[in-house]
Amino acid sequence: MISTTDISLLSDQELLSLHKEKNDKSVIGILFKRYTHLVLGVCMKYLKDEYGAKDCVMEIFEKLLTDLSRHEIANFKSWLHTVTKNHCLMKLRSSKSKFTERFEDEKINLEVVETNLLLHPEDSNEKEIMLKLMEKGIDQLNDEQRTCVKQFYLEEKSYQEVRDLTGFSMLKVKSYIQNGKRNLKIFMEKNHGR
């Protein structure tokens, strides 16, 4: 049996061979110590957030536990750099899509506020007329738009919940809500005052 001190003197390739032969997890620890600064540096470059970067370092080394046995690695340092870069890019894409979804929600809320006069008239008699007109407008929407608009606006479900309830893809749900809202607004504007 090789001591921990002796193992730490082995090259990357020798450590990888040892890990494959004996499934020795202490090898990952040695590689972790050897390359933490590299992985952290790459994560900081892409994420620009110290805490997020440190979390990524841990995620990447946890991922190595499974990935090292599945891949033939000729140059560990270069391979690790690529894995780190790809992991950071996936994180950025994921957070970008979450930001975009939040932005879309805010944009929809803003558009609803813009139609405030149509949706929230001051006179209670006018309000009753507008509500009936809105119900009629919702009934005029096609089935998919009607279902998604009712669930999103009237039942206050999230996009995810509407997707889960209807079985439509997230893209379809957003499209049906956006188009349904636009069609409802057109219907309201066209029929208001008749």
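See the structure shown above.
These numbers come from a predicted model, not from an experiment. (Residues numbered from 1 in each chain as written. Predicted model: local features only at pLDDT ≥ 70, side-chain atom pairs only at ≥ 80, totals over all residues. Heavy atoms only, no water.)

1. Regarding the packing of helix 8 (residues 143–154) against helix 10 (residues 170–191)
Then, in step 1: Interhelical geometry of helix 8 versus helix 10 gives an angle of 90° and a closest axis separation of 8 Å. One element, helix 8, and the other, helix 10, form an angle in the roughly perpendicular class. Here helix 8 contributes Glu144, Gln145, Cys148, Val149, Phe152 and Tyr153 to the contact with helix 10, which in turn contributes Val173, Tyr176, Ile177, Asn179, Gly180, Lys181 and Asn183.
Then, in step 2: A per-class count over the contact of helix 8 with helix 10 returns 7 nonpolar, 4 polar and 2 charged. (Axes fitted to C-alpha atoms, helices over the stretch in contact; angles between N-to-C directions. Helix = DSSP H or I, 4+ residues; strand = E, 2+ residues; numbered from the N terminus. Parallel < 35°, antiparallel > 145°, perpendicular 65-115°, else oblique. Contact = heavy atoms within 4.5 Å. Nonpolar A, V, L, I, M, F, W, Y, C, P; charged D, E, K, R; others polar.)

2. A word on the side chain of Gln151
Then, in step 1: Structurally, Gln151 is set in helix 8.
Then, in step 2: Setting aside residues up to four positions removed in sequence, Gln151 forms contacts with Glu156, Lys157, Val162, Leu165 and Thr166.

3. Structural notes on helix 8
Then, in step 1: The end-to-end C-alpha distance of helix 8, which contains 12 residues, comes to 16 Å, matching closely the 16 Å that a straight helix rising 1.5 Å per residue would cover.
Then, in step 2: Listed in full, the buried residues belonging to helix 8 are Gln145, Arg146, Cys148, Val149, Gln151 and Phe152.
Then, in step 3: Capping the start of helix 8 is the job of one residue whose side-chain oxygen sits 3.2 Å from the backbone nitrogen of Glu144: Asn142.
Then, in step 4: Phi turns positive one or two residues past the end of helix 8, at Glu156, with a value near 55°. (Expected span 1.5 Å × (residues − 1). Buried < 20%, exposed > 50% of the residue type's maximum accessible area, 1.4 Å probe, protein only. Polar contact = N/O pair within 3.5 Å; in protein donor to acceptor, adjacent residues only side chain to side chain.)

4. Re the environment of Glu156
Then, in step 1: Looking at the element boundaries, Glu156 is found in the loop between helix 8 and helix 9 (159–166).
Then, in step 2: Looking at Glu156, the relative accessible area reads 67%, which means it is exposed.
Then, in step 3: Dropping the residues within four chain positions of it, Glu156 is found in contact with Gln151 and Glu161.

5. Here we look at unusual backbone geometry
Glycine aside, negative phi is the norm for most residues, and most peptide bonds take the trans geometry.
Then, in step 1: Positive phi values are uncommon outside glycine, yet Lys48 reaches one of about 55°.
Then, in step 2: Residue placement: Lys48 occurs in the loop between helix 3 (26–47) and helix 4 (50–70).
Then, in step 3: Among the residues examined, Lys48 registers a relative accessible area of 68% and is labelled exposed.

6. Some details on the nonpolar core
Then, in step 1: The biggest cluster of nonpolar side chains holds 26 residues, and the ones touching the most others in it are Leu31, Cys43, Leu64, Leu68, Phe76, Trp79 and Leu80.
Then, in step 2: Elements with a contribution of two residues or more to this core: helix 2 (12–22), helix 3, helix 4 and helix 5 (76–114).
Then, in step 3: At 9 residues, the largest contribution of residues to this core is made by helix 3.
Then, in step 4: Ranked by size, the runner-up nonpolar core spans 8 residues in total, among them Phe152, Val162, Met170 and Val173. (Core = buried A, V, L, I, M, F, W, Y, C linked by side-chain atoms within 4.5 Å.)

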